[in-house]
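Each chain, letter by letter, is given below.
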Amino acid sequence: MNISKLLKIDKNSRVPKYQQIVDSVVHNISIGKLSMDQKIPSINKLSEEFYLSRDTVEKAYGILKERKVIRAIRGKGFYISRTKLISKVNILFLINKLSWYKMEIYNSFIKSIGPNSHVDLHIYHCDESLFLNLLNKHKKAYDYYIIMPHFKTDKLQHTSTTNAISSAISKIPKEKLIIMDNKNIPIKDNIITVYEDYENDIYNALKKGIKKISKYKKIILIYPEATVYPYPKRIKKGFIKFCGEHNLDFDVLDRVYDDMIILKGDLFITIEEDDLISLMHQIKEQEFSLGSNIGVISYNDTPLKALLGISVISTDFKYMGTTTSRMILNCETGTVKVPFSFIHRNSL
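Points about helix 9 (residues 233-245)
Between its first and last C-alpha atoms helix 9 spans 19 Å; for 13 residues at 1.5 Å apiece the expected length is 18 Å, and the two agree. Burial in helix 9 covers these residues: Arg234, Ile235, Gly238, Phe239, Phe242 and Cys243. Asparagine 247 occupies a position one or two residues after helix 9 and carries a positive phi of about 55°.

Re the packing of aromatic side chains
Enumeration according to the criterion identifies 11 aromatic pairs in this entry. An angle of 90° between the planes, with centres 5.3 Å apart, marks the rings of phenylalanine 93 and tyrosine 106 as edge-to-face. Placement of phenylalanine 93 in strand 4 (residues 89-95) and of tyrosine 106 in helix 4 (residues 100-113) is noted, with a sequence separation of 13 residues between them. Summarising the burial analysis for this pair, phenylalanine 93 and tyrosine 106 share the class buried. Ring pairing ties together the aromatic residues Phe93, Tyr106 and Phe109, which thus form one cluster. Positioned above the aromatic ring of tyrosine 18 is the side chain of lysine 59, whose terminal nitrogen or guanidinium carbon lies 4.1 Å from the ring centre.

A short note on the pattern of salt bridges
Applying the stated criterion to the full structure yields 10 salt bridges. Lysine 237 is the partner of glutamate 199 in a salt bridge, and the nearest nitrogen-oxygen pair spans 3.9 Å. Of this pair, glutamate 199 sits in helix 7 (residues 198-208) while lysine 237 is found in helix 9, placing the two residues 38 residues apart along the sequence. You can call lysine 237 exposed: its relative accessible area is 51%. With its nearest N and O atoms 2.9 Å apart, the salt bridge here joins arginine 345 to aspartate 301. Highlighted residues: arginine 345 in the segment after strand 17 (340-343) and aspartate 301 in the loop between strand 14 (294-299) and helix 11 (303-308), separated in sequence by 44 residues. For the residue pair arginine 345 and aspartate 301, the accessibility class agrees, reading buried in each case.

Comments concerning a nonpolar patch on the surface
There is a patch of nonpolar side chains on the surface, built from Leu304, Leu307 and Leu308 and spanning about 360 Å² of accessible area. Secondary-structure assignment places leucine 307 in helix 11. For leucine 307, a relative accessible area of 71% gives the class exposed.

Some points on the sheet that holds strand 12 (residues 250-253)
Read from one edge to the other, the open sheet built from six strands follows the order 12-11-13-14-15-17, with strand pairing classed as mixed. One side of each edge strand has no neighbouring strand; the edge strands of this open sheet are strand 12 and strand 17. The mean angle between the axes of side-by-side strands here comes to 15°, regardless of whether they run parallel or antiparallel. Alignment of strand 13 (residues 266-270) against strand 14, held across five bridges, turns out to be parallel. Each residue of the ladder has a partner; that of aspartate 266, found in strand 14, is isoleucine 294. The strands touched by helix 7 are strand 13, strand 14, strand 15 (311-315) and strand 17; relative to strand 17, the strand with the most contacts, the crossing angle is about 30°.

Brief notes about the packing of helix 1 (residues 17-30) against helix 3 (residues 54-66)
Geometrically, a packed helix pair is captured by the angle between its two axes and the distance between the axes. Where helix 1 contacts helix 3, the axes come no closer than 8 Å and their chain directions differ by 45°. Between helix 1 and helix 3, the angle falls in the class oblique. Between helix 1 and helix 3 lies a crossing whose hand is right-handed. Contacts between helix 1 and helix 3 involve Lys17, Tyr18, Ile21, Val22, Val25 and Val26 from the former and Thr56, Val57, Lys59, Ala60, Tyr61, Ile63 and Leu64 from the latter.

Observations regarding the pairing of strand 11 (residues 218-222)
Counting buried residues along strand 11, four of its five residues qualify, which places the element largely inside the surrounding structure. The pairing of strand 11 with strand 12 spans four bridges and is parallel. Within strand 12, the residue paired with leucine 221 across the bridge is valine 252. Between strand 11 and its parallel partner strand 12, the chain crosses via helix 9, and the hand of that crossover is right-handed.

Some thoughts on the nonpolar core
Membership of the largest hydrophobic core comes to 47 residues, with the highest contact counts inside it found for Phe93, Leu206, Ile213, Ile219, Ile297 and Ile313. Setting aside its immediate chain neighbours within four residues, isoleucine 219 contacts Ile213, Phe239, Cys243, Leu248, Asp249, Phe250, Asp251, Leu267 and Ile269. Listed in part, the 23 residues of the second largest apolar core include Ile3, Val26, Leu34 and Leu64.

So, the environment of asparagine 293
Considering the arrangement of structural elements, one finds asparagine 293 in the loop between helix 10 (273-285) and strand 14. Separated by 257 residues in sequence, asparagine 293 and methionine 36 have C-alpha atoms that sit 62 Å apart. Those residues in contact with asparagine 293 that lie beyond four places of it in its chain are Tyr216, Leu263, Lys264, Gly265, Asp266 and Phe288. Separated by 2.9 Å, the side chain of asparagine 293 and the backbone nitrogen of serine 289 make a polar contact.

Analysis parameters
- Residues numbered from 1 in each chain as written.
- Predicted model: local features only at pLDDT ≥ 70, side-chain atom pairs only at ≥ 80, totals over all residues.
- Heavy atoms only, no water.
- Helix = DSSP H or I, 4+ residues; strand = E, 2+ residues; numbered from the N terminus.
- Expected span 1.5 Å × (residues − 1).
- Buried < 20%, exposed > 50% of the residue type's maximum accessible area, 1.4 Å probe, protein only.
- Phe/Tyr/Trp six-rings, centres within 6.5 Å; stacked < 30°, edge-to-face > 60°.
- Lys NZ or Arg CZ within 6 Å of the ring centre and 35° of its normal.
- Salt bridge = Lys/Arg side-chain N within 4 Å of Asp/Glu carboxyl O.
- Patch = residues over 30% accessible without salt bridge, like charges linked within 9 Å, V, L, I, M, F, W, Y side chains within 5 Å.
- Areas by Shrake-Rupley, 256 points an atom, 1.4 Å probe, with all protein chains shown as cover.
- Pairing = 2+ DSSP bridges.
- Axes fitted to C-alpha atoms, helices over the stretch in contact; angles between N-to-C directions.
- Contact = heavy atoms within 4.5 Å.
- Parallel < 35°, antiparallel > 145°, perpendicular 65-115°, else oblique.
- Left-handed = near helix turned anticlockwise from the far one by under 90°.
- Right-handed = clockwise from strand over helix to strand, strands pointing away.
- Core = buried A, V, L, I, M, F, W, Y, C linked by side-chain atoms within 4.5 Å.
- Polar contact = N/O pair within 3.5 Å; in protein donor to acceptor, adjacent residues only side chain to side chain.

All quantities given are derived from atomic positions and should not be read as evidence of function.
Next comes the structure, spelled out in structure tokens:
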């Protein structure tokens, strides 16, 4: 297809010719006749075909580049870099897993960012290769890149980044980069960072509930050591620090085992939903009194936990989403720590 034939330049129009070029390119993208990565004519070729000055075409291409509609590749020419809702702010949202609380962050972000934005959500499942492929595929196509950096090692343990991931993230222009949920990556520039402080969050939240917690004989953290969606080791570190400073007897198990020995005076802190469900079944089967001789605290709140009366230590997920959107809309930069709370309910 001769792309030049798609462009309409009316010599009798009062609209400046450079603006006609801009409008014509935008229109053809919006109706699907120009697509992502499609090459468009050079400045010289377009000026020759439409008998326009080179300055006119150069000005039009400059506007299109500024709006991120096209990009220039040295030695190759100009290419379409955006095809969706080009009049809006385009955002790539990379989440490590699909869970209720991750979607709570995403949904609160979508509601508060407003209608003048288009957000593409991708789940990379804590997988380094998938993440790098997504980032490479969509490089230079978005106005903002929101990244939740949580990855798994070959041994299915948590890591915030790798050399390859840090290198890929560092290539994103700092004014486009937003780090959410976990700030432990080596990016020192003044970017948008809205994060959880896993070690101090659990420590401070449990400290708020010390009067209730200290009534139990033993505190048991169920921390999965190896899992498809691993959790930061800083959670376990903060828990051990809390128990040590308050002289509490504690243990750390990697999961809730079938037919696990449960004793009166045990307080369990669960992270994964499957462990919570298994634990609740066993407490019921063994006829313990939940919130009396057995206690349960769950990590990260959900509506179902609230309905069932499960005490939680939890991030304010809505705050994370709305704060990120506000910083984008107000062109703010900086680091914001998300509130983390202890919520007492009947299970404690």
